Each structure stands twice: as C-alpha cells, then as structure tokens.
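Single-letter residue listing:
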Amino acid sequence: MKIAVLGAGAIGAYVGAALHRGGAEVHLVARNDHLRAIQANGVTVLSDRGDFTAHPHATDDPKEIGPVDYVFLGLKAHSYPSSGSLIAPLLGEHTAVVAGQNGIPWWYFHKLTGPYEGRRIEAVDPGGATSEVLDPHRAIGCVVYPATVIESPGVIRHLEGTRFSIGEPDGSLSERCKMLSEAMIAGGLKCPVEPNLRDDIWIKLMGNAAFNPISALTRATMVDICRHAPSRALVVSLMEEILDIAARVGSTPDISIERRLRGAEGVGHHKTSMLQDLEAGKQLELDPIVTAVVEMADITGADAPTLRAVHAATDLLARTVSP
C-alpha cells in the first residue's frame, strides 16, 4: 500500500508515522524546517502511549512520489481549491482521497439519498472549485479525534485520542475503506469503518461549531466556556440548533448535549484550533466549521438565530485579522 500525506503537519505527520510503523509505504509532503528535520531524523512521536520514531520518505515535491493508493490530506480545508498542482501528481486512476479536515466536507451531499443529493455547499466548494481538484468520487470521509501539536520541527506531541473514523459517502463498506482501516490499525491507531459517517461528522461538529467561534471571540478555553453559566447556555443553544440542522439533512447523532458538554469540560484548559490560529495570525477555519452550517440552515429552512449571530461576529473577526 502506497500512501502520501499531503500537509504533514501535526496530524498528518502523526498519521504518516503510524502508518509507516505499521508497514505501509508512506511519503510525507512537508516544507521548511519541519521537512528538513524529518529528512534528517525522521518523525518522532512523543506520547503517553509510548514514544517512537519513524523514517518515511519526505519531500516538498509531490512529483517525486507519483501516483499513490491513498492521499491523506492534512491541509486546512480552505486551501483545497488552490492545491491542485500539489495533488495532481499523486492521483492515479483509483487513488482515494482521505480528508482529515474539521467541519463539513465538500463531498457532504455526494451520494446522500434524499432531496439534497448532489447539492453543492458554496462555503466549502466555491463555484465547484474544490470538486474540480478533488473529485467527490475519490473521497473517503474521515473524522479526526486525536489531538496533536508540533513540539519542534520533526517532533509531534500526541496529546490524546487515536481514533480516525472513516466511511464512504454512500455508506457502503468498501474494500478500499477496509484496507485503509487495516493499515491504520497495524500502525497502532483506531480506525472504524462507519456506514453512517455523517453522524460522526455532526457529533464532532457540535463541539467545533460551538466552542471554536466562542473561544476566538472571547479568547477563553473550553473549560472556561463550560464553567461560565451564560457562555455554557450559549453553547447549549448552538448545539440545539446544530442538531436541528443535522436532522433536516437526515442525520441523528446518538449523543446528548450534556454528554458533549461533559466531554468538552473534561478536556480542560485547551485552546481550540480556531483560537490557536487566531493567536498565530493564521486564516481562521471558519468556512467548514460555521459558514457551511449556516448555509445548510439556509438550504433546509432552519432558523438557527444563535448560530447566525455567532457566525456574523466571528466572520467580522476573521475579516479584521485576515493574514
């Protein structure tokens, strides 16, 4: 099995190192000091589950790699439409693309039986630009649960979680999903193949779409938001609206709001990815996490007043700090 990780940052390098440890042929696409450190010393993963070092091939030029069986995307979703020149050399006739992104994926309505099948979500597929680069037929959905950070170039600190849920847009248990799952498990990861992956997407999105924008607006950690009664009530309103939108597109995530809140509070004083990006002066990952959900509210006729208000404020923030 030949796998390329395009965007071998904190999550991408962690996945690539695990897959390589499990016996897959892995190629990492990275850049700058991180790339040079990997080329010199491999990827070192520091984890309570056990430290290890892997030495996959690493480059900044996908043309050195050529077509692969799977491309794991570790890029931010907003960079997908402009990544064609990086992705094209990796694609063969049967290459699958696994997007380890947050939020609503560009393929969401692809092969989703019902009134919205084939509908394009402009927030994540503007004018079809993402689908032009990443044909939805190639897509394997992926919900990423682990938390990792780049501690130093070439060194990944694994904080929690090993689960990467994957699934086909049509819900089938395909051979390509089974093979990828086996490779991930061989590398020490959890990788269930889910027939209803969209439910997993909404379970994670309940947290991301509520906590990310609030944390960016307030600079508060997840536990701070949970323990402040007014902001906790705001999160509950957001989650209620998110679950309503999910139901309107056919998903019924099997998790309560209170359980989701307990899970978030249990993470402790953790800065969300959006707050980390804000503090680093990076573009906020607003479109897949919040804007796409508002667009789905428009499509389905959901009111979602709290979500719309929080989105308006966060969208203004994103425009004022845009790099």
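Note: the structure precedes this text.
A quick note: this is a predicted structure, and the numbers were derived from the prediction, not measured.

S.K.: For this particular structure, what's the right way to read the overall build of the protein?
M.R.: A tally of helices and strands in the protein yields 12 helices and 11 strands. Relative to the compact-globule value of 20 Å for 323 residues, the protein shows a C-alpha radius of gyration of 19 Å, a close match. With respect to the three principal axes, the spread of C-alpha positions in the protein is 50 × 40 × 35 Å. When burial is assessed residue by residue, the protein has 57% of its 323 residues classed as buried.

S.K.: Even after reading the chapter, I still don't get the state of the cysteines, so can you show me in this structure?
M.R.: Disulfides are covalent bonds that link the sulfur atoms of two cysteine residues. Inspection of the entire model under this criterion finds zero disulfides. In this structure C142 is not part of a disulfide, and its nearest cysteine sulfur, from C191, lies 6.8 Å away.

S.K.: When you look at the side chain of D125 in this model, what are you seeing that I'm missing?
M.R.: Tracing the backbone through its elements, the reader meets D125 in the loop between β7 (91–99) and α4 (129–133). Buried within the structure, D125 lacks any salt-bridge partner; its nearest side chain of opposite charge belongs to R120, at an N-O separation of 4.9 Å. A distance of 2.9 Å separates a polar atom in the side chain of D125 from the backbone nitrogen of T130. Look past the residues within four positions of D125 in its chain and what remains in contact with it is W106, R120, T130 and S131.

S.K.: Sorry, what's going on with unusual backbone geometry here?
M.R.: A negative phi angle is the norm for most residues apart from glycine, just as the trans form is the norm for most peptide bonds. Look at R219: it is not a glycine, yet its phi comes out positive at around 65 degrees. Tracing the backbone through its elements, the reader meets R219 in the loop between α6 (197–218) and α7 (222–227).

S.K.: Is there a simple way to think about the packing of helix α11 (residues 286–300) against helix α12 (residues 305–321) in this case?
M.R.: Think of two packed helices as two axes; the pair is described by the angle between the axes and how far apart they sit. Closest axis-to-axis distance for the α11/α12 pair is 10 Å, and the angle between their directions is 140 degrees. Classified by the interaxial angle, the pair formed by α11 and α12 is oblique. The way α11 lies across α12 gives a crossing that is left-handed. Residues L286, V290, T291, V293, V294, A297 and D298 of α11 form the contact with α12, whose participating residues are L307, R308, H311, T314, D315 and A318. The residue makeup of the contact of α11 with α12, split by class, is seven nonpolar, three polar and three charged.

S.K.: Even after reading the chapter, I still don't get empty space enclosed by the protein, so can you show me in this structure?
M.R.: Where empty space is left becomes clear once a probe the size of a water molecule has been rolled over the atoms. Applying the stated criterion across every chain yields a total of two cavities of 30 Å³ or more. Of the pockets and cavities examined, the largest cavity occupies roughly 110 Å³. Mapped onto the lining of the largest cavity, the elements with two or more residues apiece are β8 (139–144) and α6. Of the residues in the lining of the largest cavity, the class split is eight nonpolar, five polar and one charged. Each pocket or cavity is described by its volume, and for the second largest cavity that value is around 40 Å³.

S.K.: Could you clarify how one ought to interpret the pattern of salt bridges in this entry?
M.R.: Two side chains that carry opposite charge are able to pair once their charged atoms sit near each other. The final tally for this structure, using the stated rule, is 15 salt bridges. When the shortest N-O distance is used, the salt bridge between E279 and K271 registers 2.9 Å. For E279, a relative accessible area of 45% corresponds to the partly exposed category. Overall, the relative accessible area of 35% leaves K271 in the partly exposed class.

S.K.: For this particular structure, what's the right way to read the sheet that holds strand β9 (residues 147–152)?
M.R.: In any sheet, the strands associate via hydrogen bonds between backbone groups, in a parallel or an antiparallel arrangement. Taken together, four strands build an open sheet; the order of strands is β4-β3-β10-β9 and the sheet is mixed. Edge strands, defined here as strands with exactly one partner in the open sheet, are β4 (52–54) and β9. Here the average twist between neighbouring strands, direction ignored, is 25 degrees.

S.K.: Just checking my understanding: could you explain the sheet that holds β8 for this structure?
M.R.: Here we have seven strands laid out as an open sheet, ordered β5-β2-β1-β6-β7-β8-β11, and mixed in their pairing. The sheet terminates laterally at β5 (57–59) and β11 (164–167), the two strands that pair on one side only. Along the sheet, successive strands turn relative to each other by an average axial angle of 25 degrees, direction set aside. Sheet strands touched by helix α1 (residues 10–21): β1 (2–6), β2 (25–29), β6 (68–73), β8 and β11. Its angle to β2, the strand with the most contacts, is close to 160 degrees. Against the sheet, α6 touches β8 and β11, its axis set at about 35 degrees to β8.

S.K.: Just checking my understanding: could you explain the nonpolar core for this structure?
M.R.: In globular proteins that are soluble, nonpolar side chains generally tend to be buried together. Of all hydrophobic cores here, the largest spans 73 residues; its most connected members are L73, I104 and W202. If sequence neighbours within four positions are ignored, W202 has contacts with I104, Y108, I242, I245, A246, V249, S251, P253, V293 and M296. In this structure, Y14, A18, V43 and Y70 belong to the second largest nonpolar core, which totals 37 residues.

S.K.: Sorry if this is basic, but what is going on with the pairing of β1 here?
M.R.: Successive side chains on a regular strand alternate, one facing one side of the sheet and the next facing the other. Within β1, five of the five residues are buried, which leaves it mostly tucked inside the rest of the structure. In β1, alternate side chains face the same way, and those of K2, A4 and L6 on one face and I3 and V5 on the other are all buried. Alignment of β1 against β2, held across five bridges, turns out to be parallel. The residue bridging A4 from the neighbouring strand is H27, located in β2. Handedness of the crossover joining β1 and β2 through α1 is recorded here as right-handed. Across four bridges, the pairing between β1 and β6 is parallel. If you follow L6 over to β6, its bridge partner there is L73.

The rules we used
- Residues numbered from 1 in each chain as written.
- Predicted model: local features only at pLDDT ≥ 70, side-chain atom pairs only at ≥ 80, totals over all residues.
- Heavy atoms only, no water.
- Helix = DSSP H or I, 4+ residues; strand = E, 2+ residues; numbered from the N terminus.
- Rg over C-alpha atoms; globule rule 2.2 N^0.38 Å.
- Buried < 20%, exposed > 50% of the residue type's maximum accessible area, 1.4 Å probe, protein only.
- Disulfide = S-S within 2.5 Å.
- Lys, Arg positive; Asp, Glu negative; His and termini not counted.
- Salt bridge = Lys/Arg side-chain N within 4 Å of Asp/Glu carboxyl O.
- Polar contact = N/O pair within 3.5 Å; in protein donor to acceptor, adjacent residues only side chain to side chain.
- Contact = heavy atoms within 4.5 Å.
- Axes fitted to C-alpha atoms, helices over the stretch in contact; angles between N-to-C directions.
- Parallel < 35°, antiparallel > 145°, perpendicular 65-115°, else oblique.
- Left-handed = near helix turned anticlockwise from the far one by under 90°.
- Nonpolar A, V, L, I, M, F, W, Y, C, P; charged D, E, K, R; others polar.
- 1 Å grid on protein atoms, 1.4 Å probe; cavity = no way out; pocket = protein on both sides within 12 Å on 5 of 7 lines; lining within 4 Å.
- Points joined across faces, edges and corners; volume = space filled by probe spheres on them.
- Pairing = 2+ DSSP bridges.
- Core = buried A, V, L, I, M, F, W, Y, C linked by side-chain atoms within 4.5 Å.
- Right-handed = clockwise from strand over helix to strand, strands pointing away.

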